[in-house]
Amino acid sequence: MVDVKRAGEHALPTETRIWPLKRFTEIHKRSVEDPERFWAEEARKLDWYKTWDRVLEWDPPYARWFVGGKLNASYQCVDRHVKTWRRSKVAIYWEGENGETRVLSYSTLFYEVNRFASVLLRLGVRQGDRVALYLPMIPELPIFMLACARIGAVHTVIFSGFSAKALCDRVDDTQARVVITADGGYRRGKVIPLKHIADEAADICPSIEKIIVVKRSGEPVSMKEGRDLWLPDLLAEAESYVKPEPLEATHPLYVLYTSGTTGKPKGIVHNTGGYMVFNHSAYEWVFDIKEESIYWCTADVGWVTGHSQIVYAPLSHGAAMVIYEGALDYPQIDRWWEIVERYGVSIFYTSPTAIRMFMRHGEGWPLRHDLSSLELLGSVGEPINPEAWMWYYKYIGGERCPIVDTWWQTETGGVMISPTPGIEPIPLKPGSATFPLPGVDAAIVDTDGREVRTGETGLLIIRNPWPGMLADVYGDPQRYRESYWSRFPGAYYTGDLALRDQDGYFWLLGRADEVLKIAGHRIGTAEVEDAAVSHPAVSEAAAAGRPDPVKGDGIVLFVTLREGAQRSPELKRDICRHVRDTIGPIATPDEVHFIDLLPKTRSGKIMRRVLKAIAAGQSPGDLTTIEDEASIDEVKRAFASIR
Ligand code: WTA
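The following refers to the structure shown. Everything numeric in this text was worked out from a predicted model, so none of it was measured. Starting afresh in each chain, residues are numbered from 1 along the sequence in its written order. In keeping with the model being predicted, local features are shown solely for residues with a pLDDT of at least 70 and side-chain atom pairs are shown and tallied solely at 80 or more, while totals for entire chains, interfaces and linings include all residues. Working from all heavy atoms in the structure, the side-chain values ignore hydrogens and water.

**A short note on the sheet that holds strand β19 (residues 376-380)**
Strands in a sheet are paired, the pairing made by backbone hydrogen bonds, and the direction either parallel or antiparallel.
Then step 1. Here a strand pair is declared whenever DSSP counts at least two bridges between the two strands. Numbering of helices and strands runs from the N terminus; a helix is a DSSP stretch of H or I covering at least four residues, while a strand is a stretch of E covering at least two. Here we have 7 strands laid out as an open sheet, ordered β5-β4-β17-β16-β18-β19-β20, and mixed in their pairing. Looking at the sheet topology across the chains shown, the edges are occupied by β5 (101-105) and β20 (403-406). In this sheet, adjacent strand axes meet at a mean angle of 15° when their direction is disregarded.
Then step 2. Judged from the 3 bridges that link them, strand β16 (residues 294-297) and strand β17 (residues 320-324) form a sheet pairing that is parallel. Bridged to I294 within β17 is A320.
Then step 3. Residue contacts are counted whenever heavy atoms from the two residues lie within 4.5 Å of one another. Every axis in this analysis is a line fitted to C-alpha atoms, fitted for helices over the stretch in contact. Angles between the N-to-C directions lie between 0 and 180 degrees. Helix-sheet contacts for helix α10 (residues 272-287) involve β16, β18 (347-350), β19 and β20, and the interaxial angle to β20 is about 140°.

Written as structure tokens, this is what we have:
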């Protein structure tokens, strides 16, 4: 049980005294001293068709967890609950942006998952096949994920805000033959024509053989004979039970794409056993989930937070949750607080960007609502600044609820650094994610791999394998090695900056590489640049992040034009639109600047540090390696001209 009062009392920015943290320290010590024993104990909390022969086979950089064990993720999330009183418990309270609602008990969820699995089987989808899900935040999305998991198909969810090109790139990489989409999805009162976008993707993506269409918005859509199928028609013929496949623990559960430092997103692969064990345990430690909790994670299922913290972890615990389809400010800025009040949400998990957005509109909005059901708050996706933390603590949590600031990544599968009130309340410091979870051996090092001193900023690494760790980069083992394991041999490189304070608390300080966090979403500058140079007028492009008071990072794009192209505000808008259409609205540049020359080093590398500084309105710093100083003045001039 969370000692909310004490956690609250100690949640002050100046607080530095550490409690004895007896239980946490003891568990953490045990977990790193004998990880195999520790994880075997945790794994026994799940149901297995066959227990493992070996907990871990560690052949760096590949870790195989629970080798020889057999289980099924959909069984963990539904079957095991319908065998108990939870069959009548609410699994999902779903609310559409247009006010429509649906309530699914564990029984109905079980029924739907089985029928959807039957639909997939009847279409010839088999174990190991990849299935792409391009759906809005409707119950069909988690249901299809679980249906895939049930038959051993590997789902790849593509965020419904991505464009046809981004959808195609991802589908093409996995060679998925089946895409599941909806006629349309609601966003801020408008309908996003998802089926239409999927049609565009199918035109350029030869692997797509079938498109299953869920009815959501009632949009008229064109259905291509032989390729496109309405879900209701398929369900009419579906069976009501499909036996869950006993899968090897090392069988892939899903592939989820995330941005890295090249233009091509990485397909992060998570395997069934390790991922489920890690998430099941971490969820209990971090969210202190109770049978009676009503949990709401506001993320989109299209991102890893939705995979782990909406689908697999909470459902594996038989939790009751809220899923909301739409925008946070529709029809007005208190929509979320209205939802918290109406459903009596007790655990609320969101992003710093959302909090900062609410702060901007003032505490009057949440204060109109009774938020007294809340017991625990969470934050994820980007560093939370102490000011936003305090606002969240005060106006949403009523100075009563601890905040779990959870640091993790698509690659880590589950939460790695966070307070763990489910084990023991940890005194909180606004802006610090506190300590690594049991089983996680995190360190902060300099570029030579030596641990930095207290208070010094360094690179965050993880020195041991953990069950939620990515299994590979889909189809690209070389990239797996290079991105994560080559910089510090034997250790996993996170790409994040961090420091530890005098009490040993971890403070996460943002990315050390060229990956931006826009409203908590990962976008690589290289992806934005690739999109920009595919515009006919653009010759070269460089994207830089600029701190944004609400969304963390904003994109500033510097472009040089091809000969004959005329600089104009219209062209700027067109380039912006082009980037947006190529990737999706989240990648829309905030500013586009024309320049004659990009600042480059003598070896021809773009000086991103310089661009970044200039984009942020700061001095460009040390310029001794610059090719042509004139180019800096260019960038400065370009920047000055728009101020
Ligand atoms: C950042 C999201 C500070 C970090 C779950 C990481 C955070 C990247 C936090 C992963 C946090 C996530 N504090 N930074 N609590 N949580 N990050 O893959 O830079 O979308 O590397 O996973 O988000 O983003 P991803």
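Alright, that's what it looks like, and here's the rest.
**Things to note about empty space enclosed by the protein**
Then step 1. With a 1 Å grid laid over protein atoms only, a set of points is called a cavity when a 1.4 Å probe fits there but cannot get out and a pocket when it is open yet has protein on both sides within 12 Å along at least five of seven lines; lining residues have an atom within 4 Å of a point. Grid points are joined across faces, edges and corners, and a volume is the space filled by probe spheres set on the points. All told, the structure shown has 3 cavities of 30 Å³ or more when counted by the stated rule.
Then step 2. Here the largest cavity defines a volume of roughly 90 Å³.
Then step 3. Looking at the largest cavity, it is lined by 14 residues, and the ones nearest its centre are A63, W65, N271, P467 and M469.
Then step 4. Only β2 (62-67), β15 (266-271) and α10 provide two or more residues apiece to the lining of the largest cavity.
Then step 5. If you tally residues by element for the lining of the largest cavity, the top one is α10, at 3 residues.
Then step 6. Only Asp, Glu, Lys and Arg are considered charged in this grouping, and only Ala, Val, Leu, Ile, Met, Phe, Trp, Tyr, Cys and Pro are considered nonpolar; every other residue, Gly among them, is considered polar. Tallied by class, the residues present in the lining of the largest cavity amount to 9 nonpolar, 5 polar and no charged.

**A short note on the site of the ligand**
Then step 1. Looking at the ligand, there are 17 residues lining it, with D405, T410, D496, R511 and K517 nearest.
Then step 2. Side-chain atoms alone can form a polar contact between residues adjacent in sequence; in general such a contact is a pair of N or O atoms within 3.5 Å, and within protein one must be able to donate a hydrogen while the other accepts it. The side chain of D405 places a nitrogen or oxygen atom 2.7 Å from a nitrogen atom of the ligand.
Then step 3. The contact in question runs from an oxygen atom of the ligand to an N or O atom on the side chain of D496, over 2.7 Å.
Then step 4. Notes on the ligand: free accessible area 520 Å², of which the protein chains cover 97%.
Then step 5. If you list the elements that add at least two residues to the shell around the ligand, you get α11 (304-316), β20 and β25 (506-511).
Then step 6. Looking at side-chain class alone, the shell around the ligand contains 6 nonpolar, 5 polar and 6 charged residues. Note on terminology: near, applied to a residue and a molecule or strand, indicates that one of the residue's heavy atoms is within 4 Å of it. Shrake-Rupley sampling with a 1.4 Å probe provides the accessible areas, and residues are treated as covered by the protein chains on show and by no other component.

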